[in-house]
Amino acid sequence: MRFLDLANTRYATKKYANGKRISAELIDELKQIIRLSPSSINSQPWRFSFVEDTRTKAALAEVSYFNAQKIKDASHLVVFSVVKQVAHFENNLLLQLPEGSQAYYNNFIKNQPEADKKAWLSRQVYLSLGFFLGASASLGVDSTPMEGIQPDAYADILGLEDFEPLVAVALGYRDTDDANQPEMKPKTRRNAEDVIESVV
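Residues numbered from 1 in each chain as written. Predicted model: local features only at pLDDT ≥ 70, side-chain atom pairs only at ≥ 80, totals over all residues. Heavy atoms only, no water.

Condition: UniProt positions are given in the numbering used here, feature names are shortened, and annotations may be inferred rather than shown by experiment.
Going by the annotation in an unreviewed UniProt entry, the name recorded for the protein is Oxygen-insensitive NAD(P)H-dependent nitroreductase NfsB, with Ravibacter arvi given as the source organism. Quoted straight from UniProt, the Sequence similarities (unreviewed entry) entry for the protein says "Belongs to the nitroreductase family."

**Comments concerning the packing of aromatic side chains**
Note the following rule: Stacked, tilted and edge-to-face pairs are distinguished by plane angle, under 30 degrees for stacked and over 60 for edge-to-face with tilted covering the rest, among Phe, Tyr and Trp rings (Trp via its six-membered ring) whose centres lie within 6.5 Å. In this description a helix means any DSSP run of H or I spanning at least four residues, a strand means any run of E spanning at least two, and both kinds are numbered starting from the N terminus. Partly exposed residues are those whose accessible area sits between 20% and 50% of the maximum for their type, while under 20% is buried and over 50% is exposed, using a 1.4 Å probe and protein chains only. Note on geometry: a ring has a charge over it if NZ (lysine) or CZ (arginine) is within 6 Å of the ring centre and within 35 degrees of the ring normal.
According to the stated counting rule, one finds eight aromatic pairs in the structure shown. Relative to tryptophan 120, the ring of phenylalanine 89 lies with its centre 6.5 Å away and its plane at 65°, an arrangement referred to as edge-to-face. Here the residue phenylalanine 89 occupies a position in helix α5 (residues 86–93), and tryptophan 120 occupies one in helix α7 (residues 114–138), the gap between them amounting to 31 residues. Residues phenylalanine 89 and tryptophan 120 agree in their burial class; the two are buried. Three or more aromatic residues joined by ring pairs make a cluster, and in this case those are Trp46, Phe48, Phe50, Phe80 and Phe132. Lysine 20 extends its terminal NZ or CZ atom over the ring of tyrosine 173, reaching a point 5.0 Å from the ring centre.

**Re the sheet that holds strand β2 (residues 76–83)**
By definition, the strands of a sheet pair up through backbone hydrogen bonds, in either a parallel or an antiparallel sense. Threshold: In this scheme, strands are said to pair when DSSP sees at least two bridges between them. Here, axes are lines fitted to C-alpha atoms. For helices the fit covers the stretch in contact, and angles between N-to-C directions go from 0 to 180 degrees.
The sheet built from four strands is open, its strands ordered β1-β2-β4-β3 with antiparallel pairing. Of all strands in the sheet, those bounded by a partner on one side alone are β1 (46–51) and β3 (142–146). The mean angle between the axes of side-by-side strands here comes to 25°, regardless of whether they run parallel or antiparallel. Bridge count for β1 against β2 is six bridges, and the pairing is antiparallel. Along β2, the bridge assignment pairs phenylalanine 48 with phenylalanine 80.

**Overview of the packing of α5 against α7**
Going by this rule: Here is the rule for angles: anything less than 35 degrees is roughly parallel, anything more than 145 is roughly antiparallel, 65 through 115 is roughly perpendicular, and the remaining ranges are oblique. Contact criterion: two residues are considered in contact whenever any of their non-hydrogen atoms come within 4.5 Å of each other.
Orientation of α5 relative to α7, taken along the N-to-C sense of each, is 65°, at an axis distance of 10 Å. In terms of axis orientation, α5 runs roughly perpendicular to α7. Between α5, through Val86, Phe89 and Glu90, and α7, the contact on the second element is made entirely by Glu114, Lys117, Lys118, Trp120 and Leu121.

Listed below in structure tokens is the structure:
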């Protein structure tokens, strides 16, 4: 299927077929794909937690506001986390990158205010999110990106120390009566001429 077709049919799943599991082979493929996500200067300031365990998923559901049922019914939950302290990135992760990447960061990012550096690191995680949603759709897996989570509670449940959760993605297969699927609720977007400018 062409990616344009996927873009027209992919949607944020609101109701999952409880009990329908994603195969271990597909999950392994998604893990390999997410590891290859793009990031500025290949910074990779992230950690991805794939949660299948029912009890852990239920605990995370309880600290996910209105997303609880989706998480409980979904096959897996993937938590996208960013490095918690800029210093940890600079003193550990950055040193694992090629010299050119380190030089770019040290020359153009490092001297910015702490909040700006943290925002830059978080944006890299959102690049991986978009990449992952498209990859999931290409494999026939439904997904729901969710910022409606309690990051501190997520970190405690998952035992994260050096990383903090930003967003979670429920993964699974849609329930046949999910009212949000395009066949029942047509996808709407702003007109192309309102959002796309061609400079020729």
